[in-house]
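# Residue-level structure breakdown
Spelled out, the chains give:
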Amino acid sequence: MPVAETDGLSAPYWAGLQQEKLLVQRCSRCKRWQFGPEWICHKCHAFDPDWVEVPAEGRIYSWERVWHPVHPALKGHCPYLAVLVELPHAGGLRMVGNLLGDPLQEVRIGAEVQGVFEHHPEASQPYTLLQWRCR
Amino acid sequence: MAQRTLKGRVAIVGIGETHYYKHGQSPDAEFKLALQAVLRACADAGLDPRHIDGFASYGDDRSEATRLASALGLPRLRSATMQWGGGGGGCCAAVANGAAAIATGQADCVVVFRSLAQGQHGRFGQASGAGAAAATISGERSYLAPYGVISPPQRFAMRVQRYMHDHGVRQEALRAIALASYHHAQNNPRAVMHGKPLDAAKYDASRWIVEPFHLFDCCMENDGAAALILMDAQRAADCAQKPVYLLGAAAGSGPRFGSFAHNSIEYASGNFGTVAPDLYRMAGVEPKDVGVVQAYDSFTGGVLMALAEHGFFPPEAANDFLVLDNLVAKGGRLPLNTSGGNLAECYVHGFELVLEAVRQVRGTSSNQAARNDVALVVGGPMVSPVSDLLLGSGDVL
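Source: prediction; values computed, not measured.

The rules behind these values
Residues numbered from 1 in each chain as written. Chains lettered and ligands numbered in written order. Predicted model: local features only at pLDDT ≥ 70, side-chain atom pairs only at ≥ 80, totals over all residues. Heavy atoms only, no water. Contact = heavy atoms within 4.5 Å. Buried area = accessible area lost by both parts, 1.4 Å probe. Salt bridge = Lys/Arg side-chain N within 4 Å of Asp/Glu carboxyl O. Polar contact = N/O pair within 3.5 Å; in protein donor to acceptor, adjacent residues only side chain to side chain. Axes fitted to C-alpha atoms, helices over the stretch in contact; angles between N-to-C directions. Helix = DSSP H or I, 4+ residues; strand = E, 2+ residues; numbered from the N terminus. Parallel < 35°, antiparallel > 145°, perpendicular 65-115°, else oblique. Left-handed = near helix turned anticlockwise from the far one by under 90°. Nonpolar A, V, L, I, M, F, W, Y, C, P; charged D, E, K, R; others polar. Phe/Tyr/Trp six-rings, centres within 6.5 Å; stacked < 30°, edge-to-face > 60°. Buried < 20%, exposed > 50% of the residue type's maximum accessible area, 1.4 Å probe, protein only. Lys NZ or Arg CZ within 6 Å of the ring centre and 35° of its normal.

### A closer look at the interface of chain A and chain B
In this assembly, 40 residues from chain A lie in contact with 39 residues from chain B. Counting each side, the surface lost to burial between chain A and chain B is near 3,600 Å², with a carbon and sulfur contribution of 54%. When the area that chain A buries against chain B is broken down by residue, the three leading residues are Glu64, Val70 and Val96 of chain A, summing to 18%. At the junction of chain A with chain B, the criterion picks out one salt bridge. With a closest N to O distance of 2.7 Å, Arg65 of chain A and Glu211 of chain B form a salt bridge. Viewed at the interface, chain B and chain A are joined by 17 residue pairs in polar contact (both at pLDDT 80 or more).

### Some details on the packing of helix 6 (residues 152-167) of chain B against helix 11 (residues 300-309) of chain B
Residues and elements named next belong to chain B. At their nearest, the axes of helix 6 and helix 11 sit 9 Å apart, and the two run at 55° to each other. When the axis of helix 6 is compared with that of helix 11, the two are oblique. Considering only the axes of helix 6 and helix 11, their crossing is left-handed. Facing helix 6, whose interface residues are Arg159, Val160 and Tyr163, helix 11 presents Gly301, Gly302, Leu304, Met305 and Ala308. Residues belonging to the contact of helix 6 with helix 11 are distributed by class as follows: five nonpolar, two polar and one charged.

### Considering the environment of Pro12 of chain A
All names here are of chain A. Within the secondary structure layout, Pro12 lies in helix 1 (residues 11-18). A C-alpha to C-alpha distance of 13 Å links Pro12 and Trp39, two positions 27 residues apart in sequence. If we skip the residues at most four places from it in the chain, Pro12 touches Leu23 and Trp51.

### With respect to the packing of aromatic side chains
Inspection of every chain in the model, using the stated rule, returns 13 aromatic pairs over all chains. Where Tyr13 of chain A meets Trp14 of chain A, the ring centres are 4.9 Å apart and the plane angle is 75°; that geometry is what we call edge-to-face. Trp14 of chain A shares its class with Tyr13 of chain A; the two are buried. Taking the centre distance of 5.1 Å and the plane angle of 5° together, the rings of Phe213 of chain B and Phe299 of chain B count as stacked. Here Phe213 of chain B is found in strand 8 (residues 213-214), whereas its partner Phe299 of chain B is found in the loop between strand 11 (292-295) and helix 11, with 86 residues between them in sequence. The two residues Phe213 of chain B and Phe299 of chain B agree in class, both being buried. Ring pairing ties together the aromatic residues Tyr13, Trp14 and Phe35 of chain A together with Tyr143 of chain B, which thus form one cluster. For the cation-ring pair, Arg67 of chain B lies above Phe31 of chain B, with the distance from its terminal atom to the ring centre recorded as 3.6 Å. Over the ring of Tyr61 of chain A we find Arg162 of chain B; its NZ or CZ atom is 3.9 Å from the centre of that ring.

Have a look at this one:
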């Protein structure tokens, strides 16, 4: 599977995951939360919003069960679950990840989930993904 | 200063399309398909192609205006516009951009078109070719693809899932949208799914692509091209066909709708909250005045959202409204996607929907709606920017 290219804008996010820290942007001037990252705060237009650590805990905002593989690397790995997780400790920002466990489990919008840092040290450029598990 | 509007200023005077193929089955290259569609639209209008002085398209169409003008030997090219982003969400905006060039005196005869040969250039629904081999990705996809959220149905299913959750919409509502498209395609010889009817049992038994989308909730992928010709309203009256006027046009996006990694403020939305009111305001009509709708159907769930956001029913009434009998051309309350659309006619990135709206206003559709003086086209739910068109006959100006 393709992995994220850590450009200047997203580098703190991906570096944080490797250290098991979930970092999101929060403007130091107006305190607005922001994700995906941008060079500017969308509320007050201060440049270079701060990166702050937030707990990797949230609630399922939406979900999908994928049955049809669209990438060669996914053949034989369907179905799998993708979830959109809302972070109540970060102003309701959302993150896309996979829901771990039985791919046929019943998924409930609103269910509490805990982040799981999934390390890929074997990759040519090691990286970490943020996955989720029901609490 | 004159009122700032496109209403009644510009008309569609010709339409044309290629044969519509399953993806990979066109014997002709994409650019050749574009040329065929342009010339057929000219023939329909009774117009010498050398009068064309502008092109407008969207979705990063590869058939560039400059190459088209050169290939056709045009005496001059005056307007060449491309609507940014949004995939099929630009299908109506491209028409508006071309019309704006005419209304402001920057061009006299603009072709609006989309050409798409997915066999030649690759499908949107499969990570193949160079894309599959890529080791890294950037931009929004970098937050999605590592988790297997890659193709369009995978990127839109969670918006629909949340919408269905919020408003209690059942799968049967999505099914009715698919059934309507296939129903109309059976009476449309152009349709790729002509002769391949769909019923509720076949829909229910079809495999999941990504829940809540069955196979038949997802559009086809095809090879084909479609084009139309715009002229100012006065000159349009001299053309071969009954002019079809622009009543209103609107495009755009709500606040931060495209914010990366599914952080739209209005997440469970087709993104017409700010666009639909602009459309109706310019046209001076209300939802009850609309007789027939072509709504961009990459996925049935987007049609559901788009219809609600254009005021045809409140979301809580979706299960009651979205039944096949209400959506068919013959006797339906709101005839929907009367050519078969992206689901069953041909996936020309929604441009086939614009052509069908023109046929409806002319009164020449193979699934003609009873009320056809005001026809709505909706482009690209759930993307940013989206766009809308209201077309109408001279009677409603």
